[in-house]
Amino acid sequence: MEYTVVIRTLGKAGEKYQTMLDSLKVQTIPPQKIFVYIAEGYPIPKETIDEERYIYVKKGMVAQRALPYSEVETEYMLFLDDDLAFPPDTVERMFQLLKEHNADVISPDIFPNAQRPLKSELMMTISGRMRARRFDKIWGYKVMRTGGYSYNKYPCKEVYFSQTNAGACFLCRKKDFLSIHLEDELWLDSTSYPLGEDQVMYYKMYLKGMKILTWYKNGFVHLDAGGNTSPGKKQKLIYADFRFKTIFWYRFIWQCEKSLLIKLWSIVCIIYTFGFALGISLLKGEWNIFQLKRDAIKEGIAFIHSESYKKLPKVCVS
């Protein structure tokens with residue numbers, strides 16, 4: 001059960017980063033090494049447990065994760081963001097659960113969608129963005145034909161299989177991670193907020209036949225060091241979201257599907273989702289938001305037809 005910790009950061013999380021490092025230091029199964037991949041141009045944090053080695057890489061949520069990891073010598077890698085706290089037996093339990101369920105990847109349910117209030121749940125369902133599943137004893141998170149995802153509303157077991165998860169923490173083999181070629185998805189870093197990068201990563205794993213676990217009873221605390229109140233954040237998030245949905249739907253839903261009937265159903269789903277989103281903006285009189293969504297969809301379509309996209313290897317389904 002040897003593993004290496006790999007952390008992506010800008011070095012700005014402060015005390016929250018120290019808390020995360022302290023959580024690593026007290027693990028019942030300590031890491032062999034800790035590599036911190038920090039964006040070029042950012043200073044090395046003063047917070048430390050004197051065990052980390054810093055490596056400068058290109059800035060970007062995907063760029064700082066889609067790496068060759070040639071310095072990693074262990075079979076397993078624990079991927080972390082810089083703002084988490086977790087109990088001392090966390091890694092030990094993650095290894096146990098992987099073995100018990102003959103799985104390849106495990107990720108804690110850090111952002112519990114199951115606790116979403118009914119009003120929000122209904123709105124997300126109607127919009128096609130998200131849907132609660134109430135009677136599922138096998139699956140945690142699943143990707144929908146709309147490009148959104150559904151979640152288990154009443155998870156009572158410790159783990160469920162999933163098609164997507166939160167990317168703030170996960171444990172898997174190095175060779176399995178490298179096999180999905182996340183570097184092919186650097187298009188996600190083209191907007192201010194690379195929304196959906198976790199979904200792309202996990203869904204590629206799922207399409208390759210890996211068994212992915214969502215760990216519900218985990219003791220993780222997300223300290224949220226990524227707070228950003230910069231002007232125009234809402235507009236940038238909307239634009240990034242609709243651009244992502246367009247490209248994700250085409251690349252991972254449409255192109256990966258072999259059944260003509262399901263392809264046709266996927267078209268109906270995305271037309272409904274985008275039509276609803278654009279229609280709501282018009283009904284509310286939010287012309288600027290309507291234009292943002294429309295322009296993001298248009299840019300996504302333009303990218304799909306670009307030479308850059310055509311050079312990307314198609315996603316293979318195992």
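Above: the structure in question.
Residues numbered from 1 in each chain as written. Predicted model: local features only at pLDDT ≥ 70, side-chain atom pairs only at ≥ 80, totals over all residues. Heavy atoms only, no water.

Draft legend 1. Quick look at the overall build of the protein. Assigned secondary structure in the protein consists of nine helices and 13 strands. For 318 residues, the compact-globule formula gives about 20 Å, and the C-alpha radius of gyration of the protein, at 20 Å, lands near that figure. In terms of overall dimensions, the protein has C-alpha extents of about 55 × 45 × 40 Å along its principal axes. Residue burial in the protein is summarised as follows: out of 318 residues, 54% are buried. Long-range pairs, those at least 24 residues apart, make up 74% of the contacts in the protein with a sequence separation of at least 6. (Helix = DSSP H or I, 4+ residues; strand = E, 2+ residues; numbered from the N terminus. Rg over C-alpha atoms; globule rule 2.2 N^0.38 Å. Buried < 20%, exposed > 50% of the residue type's maximum accessible area, 1.4 Å probe, protein only. Contact = heavy atoms within 4.5 Å.)

Draft legend 2. A look at the packing of aromatic side chains. Going through the model one piece at a time under the given rule, you end up with 26 aromatic pairs. Centroid distance tryptophan 139 to tyrosine 206: 6.2 Å. Interplanar angle 80°. Geometry classified as edge-to-face. Separated by 67 residues along the polypeptide, tryptophan 139 in the loop between strand S7 (130-133) and strand S8 (141-143) and tyrosine 206 in helix H5 (residues 197-207) bring together distant segments of the chain. Looking at tyrosine 206, the relative accessible area reads 29%, which means it is partly exposed. (Phe/Tyr/Trp six-rings, centres within 6.5 Å; stacked < 30°, edge-to-face > 60°.)

Draft legend 3. Seen up close, a nonpolar patch on the surface. On the surface, a nonpolar cluster with roughly 400 Å² of combined accessible area is contributed by Leu118, Leu122, Ile126 and Tyr272. Broken down by element, the residue count for the nonpolar patch peaks at three residues, all from helix H3 (residues 118-127). Accessibility expressed as a relative area gives 43% for isoleucine 126, which makes it partly exposed. (Patch = residues over 30% accessible without salt bridge, like charges linked within 9 Å, V, L, I, M, F, W, Y side chains within 5 Å. Areas by Shrake-Rupley, 256 points an atom, 1.4 Å probe, with all protein chains shown as cover. Salt bridge = Lys/Arg side-chain N within 4 Å of Asp/Glu carboxyl O.)

Draft legend 4. How the structure looks around the nonpolar core. Ranked by size, the top nonpolar core spans 52 residues in total, and within it Tyr37, Tyr69, Phe170, Phe177, Trp187 and Met205 carry the most contacts. Those elements giving two or more residues to this core turn out to be strand S2 (33-39), strand S3 (52-57), strand S4 (76-80), strand S11 (169-173), H5, helix H6 (233-254), helix H7 (260-283) and helix H8 (287-304). Top element by residues in this core is H6. It accounts for eight residues. Ignoring sequence-local partners within four residues, the contact set of methionine 205 consists of Val105, Phe170, Phe177, Ile180, Met210 and Ile212. Counting residues in hydrophobic clusters, the runner-up holds 32 residues, among them Val36, Met94, Leu98 and Phe220. (Core = buried A, V, L, I, M, F, W, Y, C linked by side-chain atoms within 4.5 Å.)

Draft legend 5. Looking closely at the packing of H6 against H7. Closest axis-to-axis distance for the H6/H7 pair is 11 Å, and the angle between their directions is 175°. Here H6 is positioned roughly antiparallel relative to H7, judged by the angle of their axes. Contact residues: Phe242, Lys245, Thr246, Trp249, Ile253 and Trp254 in H6; Lys263, Ser266, Ile267, Ile270, Phe274 and Ala277 in H7. Its residues placed into classes, the contact of H6 with H7 shows eight nonpolar, two polar and two charged. (Axes fitted to C-alpha atoms, helices over the stretch in contact; angles between N-to-C directions. Parallel < 35°, antiparallel > 145°, perpendicular 65-115°, else oblique. Nonpolar A, V, L, I, M, F, W, Y, C, P; charged D, E, K, R; others polar.)

Draft legend 6. Seen up close, the sheet that holds S11. Spatially, S3-S2-S1-S4-S11-S6-S12-S10 is the arrangement adopted by the eight strands of the open sheet, whose pairing is mixed. Strands at the two margins of the open sheet, each flanked by one partner only, are S3 and strand S10 (159-162). Shown here is a sheet whose adjacent strand axes are inclined to one another by a mean of 25°, direction ignored. As paired strands, strand S1 (residues 3-9) and S2 are joined by six bridges and run parallel to one another. (Pairing = 2+ DSSP bridges.)

Draft legend 7. Region of interest: the pairing of S11. Of all the five residues making up S11, four are buried; the element is thus mostly covered by neighbouring parts of the structure. Relative to S11, S4 runs antiparallel, the two being bridged by five bridges. Pairing of phenylalanine 79 across the sheet is with phenylalanine 170, part of S11.

Draft legend 8. Just unusual backbone geometry, in detail. Despite not being glycine, tyrosine 69 shows a phi value in the positive range, around 50°. Inspection of the secondary structure assignment puts tyrosine 69 in the loop between S3 and S4. Phi is positive for asparagine 102, close to 50°, though the residue is something other than glycine. You can see asparagine 102 is positioned in the loop between helix H2 (90-100) and strand S6 (105-108). Residue asparagine 102 is classed as exposed on the basis of its relative accessible area of 56%.

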